[in-house]
Amino acid sequence: MKKFFIAVFIAIATIITLTSAVCIASNINDPQTVSDNPNAVVEYNIPGITTGSMQLSHFEKIFNMMPYDIQEKSVLAFRDIVYNPKPEFIYGGVKVKHTDSTWEFYYNGASIVVKNATVSDLTSIFQMPTL
């Protein structure tokens, strides 16, 4: 899980600026975007590298650009995490906290917080990727 978490952070850090700029500048309304909850946001903090937030639909576009093997591992980790009934637990070295609509992930000073997202919103993103 640590490697997955670090890989996601690195992927976000390297493509967040470009992807966000393209999505915002061209006002993309991609019909393939499943997460259409405009209130759902992803806040990220990688100390010394980047911090910010984006709509969940933008995260979905970034997720869909990640290599297949990272998507596949993400889907499997999501399934483990979403079905854990505890509101706070450690998963592969990553501290996970959640309420009905907020999911928090902490590792080594870095964090990802997903706010106002239902399990249905997240499930629509974290499906088994197709080639």
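Above this note sits the structure.
First, a word on what this report is: a plain description of the structure on this page. Values in this document were obtained by computation on a predicted structure and should not be read as measured data.

**Some words on the overall build of the protein chain**
- In terms of regular secondary structure, the protein chain is built from four helices and six strands.
- Order of helices (α) and strands (β) in the protein chain, N terminus to C terminus: α-β-β-α-α-β-β-β-β-α.
- Classification of the 131 residues of the protein chain by burial places 43% in the buried group.
- Put simply, 57% of the contacts in the protein chain that link residues at least 6 apart link residues at least 24 apart.
- Carbon and sulfur atoms make up 56% of the accessible area of the protein chain, which amounts to about 7,500 Å² in all.

**What about the pairing of strand 2 (residues 50-55)?**
- Where strand 1 (residues 41-46) lies against strand 2, six bridges are found, and the strand directions are antiparallel. Bridged to Tyr44 within strand 2 is Gly52.
- Linking strand 1 back to strand 2 in an antiparallel pair, the connection comprises three residues, with Gly48 at a positive phi of about 80°.

**With respect to the pairing of strand 4 (residues 94-98)**
- On strand 4, burial follows the alternation: Val94, Val96 and His98 on one face are buried, whereas Lys95 and Lys97 on the facing-out side are not.
- In this structure, the hairpin formed by strand 3 (residues 88-91) and strand 4 is closed by a connection of two residues, where Gly92 is found at a positive phi of approximately 55°.
- Here strand 4 runs beside strand 5 (residues 102-107); their pairing, made up of four bridges, is antiparallel. The residue of strand 5 that forms the bridge with Lys97 is Glu104.
- The antiparallel pairing of strand 4 with strand 5 creates a hairpin that spans three residues between the two strands.

**Some thoughts on unusual backbone geometry**
- Phi angles above zero are rare outside glycine, and Asn108 is one such case at about 50°.
- Relative to the elements of secondary structure, Asn108 occurs in the loop between strand 5 and strand 6 (110-115).
- A residue is classified by how much of its surface remains accessible, and Asn108, at 70% relative accessible area, is exposed.
- Of note in the backbone geometry, Asn116 takes a positive phi value of approximately 60° without being a glycine.
- Relative accessible area serves as the criterion here: at 41%, Asn116 is assigned to the partly exposed category.

**Observations regarding the environment of Ala40**
- Mapped onto the elements of the fold, Ala40 is located in the loop between helix 1 (2-26) and strand 1.
- Sequence separation between Ala40 and Met54 is 14 residues, and the spatial gap between their C-alpha atoms is 8.7 Å.
- Leaving out residues up to four positions away in the same chain, Ala40 has contacts with Met54, Gln55, Leu56, Lys115, Asn116 and Ala117.

**Comments concerning a nonpolar patch on the surface**
- On the surface, a cluster of nonpolar side chains totalling about 240 Å² of accessible area is made up of Tyr68, Leu76 and Met128.
- Position of Leu76 among the secondary structure elements: in helix 3 (residues 68-82).
- By relative accessible area, Leu76 is classed as partly exposed at 43%.

**Re the sheet that holds strand 2**
- Taken together, six strands build an open sheet; the order of strands is 2-1-6-5-4-3 and the sheet is antiparallel. Strands at the two margins of the open sheet, each flanked by one partner only, are strand 2 and strand 3. Put simply, the sheet's adjacent strands are angled 15° from each other on average, direction ignored.
- When strand 3 meets strand 4, the two strands line up antiparallel, connected through four bridges. Residue pairing for strand 4: Phe89 is matched across the bridge by Val96.
- The sheet strands contacting helix 2 (residues 56-65) are strand 1, strand 2 and strand 6, and the helix crosses strand 2 at an angle near 105°.
- The sheet strands contacting helix 3 are strand 3, strand 4 and strand 5, and the helix crosses strand 3 at an angle near 150°.

Parameters and conventions
- Note that residues are indexed from 1 along each chain, following the sequence as it is written.
- Where local features are concerned, this predicted model is filtered to residues with pLDDT of at least 70; where side-chain atom pairs are given and counted, the filter is 80 or more; whole-chain, interface and lining totals use all residues.
- Hydrogens and water molecules were not included; the side-chain quantities draw on all heavy atoms of the structure.
- Put simply, DSSP marks the helices as runs of H or I at least four residues long and the strands as runs of E at least two long, and each gets a number from the N terminus on.
- Any residue under 20% of the maximum accessible area for its type is buried, any over 50% is exposed, and the rest in between are partly exposed; the area is computed with a 1.4 Å probe on protein chains only.
- By definition, residues are in contact when any of their heavy atoms lie within 4.5 Å.
- Only the protein chains shown count as covering a residue, and every accessible area follows the Shrake-Rupley method with a 1.4 Å probe.
- Any two strands are treated as partners once DSSP identifies two or more bridges connecting them.
- Residues with no salt bridge and a relative accessible area higher than 30% make up the patches, which join like charges within 9 Å and nonpolar side chains (Val, Leu, Ile, Met, Phe, Trp, Tyr) within 5 Å.
- Put simply, a salt bridge is a Lys or Arg side-chain nitrogen that is within 4 Å of an Asp or Glu carboxyl oxygen.
- Helix axes use the C-alpha atoms of the stretch in contact, all axes being lines fitted to C-alpha atoms, and the angles between their N-to-C directions lie in the range 0 to 180 degrees.

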